[in-house]
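# A structural walkthrough
Here's the letter readout for the chains.
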Amino acid sequence: MALADFTPDKVTVPLGKKASVDVRGLGIQDFSQLMHVHLDDLGGLIELYEKSGGNFTEAGLLQFVLRLVTDAPGLVAHAIALAADEPALVDKASSLPIPVQLKLVQTIGTLTFEDFGGAKKTMAMFENLLASAALMSSTAAANA
């Protein structure tokens, strides 16, 4: 399959009795936007994720979700708008009922990470990439 033939998988999530939205997994461009706007929120969530070792117990998952809802509602709404390919509709996403937002976050998370072994494996891939880049940089500096 050629890149031109690729379309991201989408899942339709009901928003209520009469509406639904199609969402996709987030890409690096999406994460970049989220990091630029919500870096402080992401820092707290990453810290909580690291404390769990990437494996949430039921209580740990509840704590993570509560932290998302209380500390990062703008991040949640922004991620939903990006995954729906409607980045200008963050305000609309933020007005969705909490259960709908949580279902959307769950669906987006699955689409973003599941095919590649989960968030923990993806983070390990990023760490390996950063380590390789650091090694190449130090090797280039030593040869200069």
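Provided above is the structure to which this section pertains.
Now for a look at the structure at hand. Note that the structure is a prediction, hence the values are computed from the model and not measured. (Residues numbered from 1 in each chain as written. Predicted model: local features only at pLDDT ≥ 70, side-chain atom pairs only at ≥ 80, totals over all residues. Heavy atoms only, no water.)

## Quick look at the overall build of the chain
Note the following rule: Only runs of H or I of at least four residues qualify as helices and only runs of E of at least two qualify as strands under DSSP, and these elements are numbered from the N terminus. Think of it in three bands: residues with accessible area under 20% of the maximum for their type are buried, residues over 50% are exposed, and the middle band is partly exposed, with areas taken using a 1.4 Å probe on protein chains only. In this description, contact between two residues means that some pair of their heavy atoms is separated by no more than 4.5 Å. Each accessible area value is a Shrake-Rupley result obtained with a 1.4 Å probe; residue values ignore everything except the protein chains displayed when judging cover.
The secondary structure content of the chain amounts to six helices and two strands. For the chain, the succession of helices and strands along the chain, N to C, is β-β-α-α-α-α-α-α. For the chain, buried positions account for 26% of its 144 residues. A separation threshold of at least 6 residues defines the contact pool for the chain, and within that pool the share at least 24 residues apart is 58%. For the chain, the accessible area works out to roughly 9,800 Å², and carbon and sulfur atoms hold 62% of it.

## Section: the environment of I46
Relative to the helices and strands, I46 is located in helix α1 (residues 28-52). Sequence separation between I46 and F64 is 18 residues; the distance between their C-alpha atoms is 9.8 Å.

## Quick notes on the environment of P8
With respect to the secondary-structure elements, P8 resides in the segment before β1 (10-14). Considered as a pair, P8 and G25 are 17 residues apart in the sequence and their alpha carbons are 7.5 Å apart.

## Topic: the pattern of salt bridges
As a reminder, the rule being used: Salt bridge, as used here, is a side-chain nitrogen of Lys or Arg placed within 4 Å of a carboxyl oxygen of Asp or Glu.
All told, the structure shown has three salt bridges when counted by the stated rule. D85 is the partner of K10 in a salt bridge, and the nearest nitrogen-oxygen pair spans 3.0 Å. Here D85 lies in the loop between α3 (73-83) and α4 (90-94) and K10 lies in strand β1, a separation of 75 residues in the sequence. On the accessibility criterion, K10 (44% relative accessible area) is partly exposed. A relative accessible area of 39% means that D85 is categorised as partly exposed.

## Some thoughts on the pairing of strand β2 (residues 20-24)
Going by this rule: Here the rule is simple: two strands pair whenever DSSP picks up at least two bridges between them.
The sheet contact formed by β1 and β2 spans five bridges and is antiparallel. Paired with T12 across the strands is D22, a residue of β2. Linking two consecutive strands that pair antiparallel, namely β1 and β2, is a turn of five residues.

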